[in-house]
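Spelled out, the chains give:
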Amino acid sequence: MKGLFWLTAISLAMLSMEGPCMAEEPERLLSHDVYFSLKAPSQATTTELVAACKKYLAGHPGTIWFAVGPIAGEFRREVNDLGFDVALHVVFKNKAAHDQYQTSERHLEFISKNKDLWKSVRVFDSYVAASSHADM
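Notes on the structure in this doc start here. (Residues numbered from 1 in each chain as written. Predicted model: local features only at pLDDT ≥ 70, side-chain atom pairs only at ≥ 80, totals over all residues. Heavy atoms only, no water.)

**Observations regarding the environment of aspartate 125**
Just so we agree on the cut-off: We count a stretch as a helix when DSSP gives it H or I for four or more residues in a row; a strand needs E for two or more, and each element gets its number in order from the N terminus. Throughout, a residue-residue contact means that at least one pair of heavy atoms, one from each residue, lies within 4.5 Å. Whenever two N or O atoms come within 3.5 Å, that pair is a polar contact, provided that in protein one can donate a hydrogen and the other can accept it, and provided that, for residues adjacent in sequence, both atoms are side-chain atoms.
Looking at the secondary structure, you find aspartate 125 in strand 4 (residues 118–128). It is 9.9 Å that separates the C-alpha atoms of aspartate 125 and lysine 95, two residues lying 30 residues apart in sequence. Apart from the residues lying within four places of it in its own chain, the contact partners of aspartate 125 are Leu30, Ser31, His32, Asp33 and His98. A distance of 2.5 Å separates a polar atom in the side chain of aspartate 125 from a polar atom in the side chain of histidine 32.

**A word on the sheet that holds strand 3 (residues 86–92)**
Paired through backbone hydrogen bonds, the strands of a sheet run either parallel or antiparallel to each other. Filter applied, for reference: A pair of strands is treated as paired once DSSP finds two or more bridges between them. The axes are straight lines fitted to the C-alpha atoms, using for helices just the contacting stretch, and the angles between their N-to-C directions are given from 0 to 180°.
In spatial order, the strands read 2-3-1-4; together these four strands make up an open sheet with antiparallel pairing. Edge positions in the sheet fall to strand 2 (63–70) and strand 4, since each has one partner strand and no second. The mean angle between the axes of side-by-side strands here comes to 10°, regardless of whether they run parallel or antiparallel. As defined by bridge partners, strand 2 adjoins strand 3 across seven bridges and the pair is classed as antiparallel. Looking across to strand 3, one finds that tryptophan 65 is bridged to valine 91. Contacting strand 1 (29–38), strand 2, strand 3 and strand 4, helix 2 (residues 43–57) crosses the sheet at an angle of about 170° to strand 2.

**A few points about helix 3 (residues 95–102)**
Applicable threshold: Using a 1.4 Å probe on the protein chains alone, a residue whose accessible area is under 20% of its type maximum counts as buried, one over 50% counts as exposed, and one in between counts as partly exposed. Here the arc refers to the directions that run from the helix axis out to each C-beta atom.
Here helix 3 has its buried residues at Ala97, His98 and Tyr101. Along the long axis of helix 3, the arc covered by the buried residues comes to 100°, so they all point the same way. Buried residues belonging to helix 3 abut strand 1, helix 2, strand 3, helix 4 (105–114) and strand 4. A side-chain oxygen of the first residue of helix 3 lies 3.3 Å from the backbone nitrogen of alanine 96; this N-cap is asparagine 94.

Okay, here's the thing in structure tokens:
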């Protein structure tokens with residue numbers, strides 16, 4: 001009987017910890033990294049895709065950091081993945097900002113206007129910790 005009492009007491013204590021009393025998890029920065037492989041890689045198609053990324057994907061609400069550019073092909077160490085032509089890096093203030101970006105008109109227009117250039121697209125989303133970039 002004692003065991004049942006303690007089991008009930010522990011269960012009630014755990015239940016009381018759920019809900020509005022618990023501290024909410026802090027918002028986490030979300031890094032959205034996209035690697036595009038082009039059907040016909042060339043300086044022209046790379047430049048075209050980089051320009052389109054800047055036009056349609058930069059400056060969305062909740063964006064903390066944005067960068068896009070071509071592969072740095074001179075890096076050919078054993079660990080370098082050379083299976084892409086253009087890399088896009090966007091850091092959002094939280095998952096909600098990322099989710100809003102995914103369904104935004106400009107993002108959907110970017111996909112519609114550029115998908116014929118792509119052989120493949122790989123997306124890596126991760127939660128990241130903030131770091132100081134005061135010198136940039």
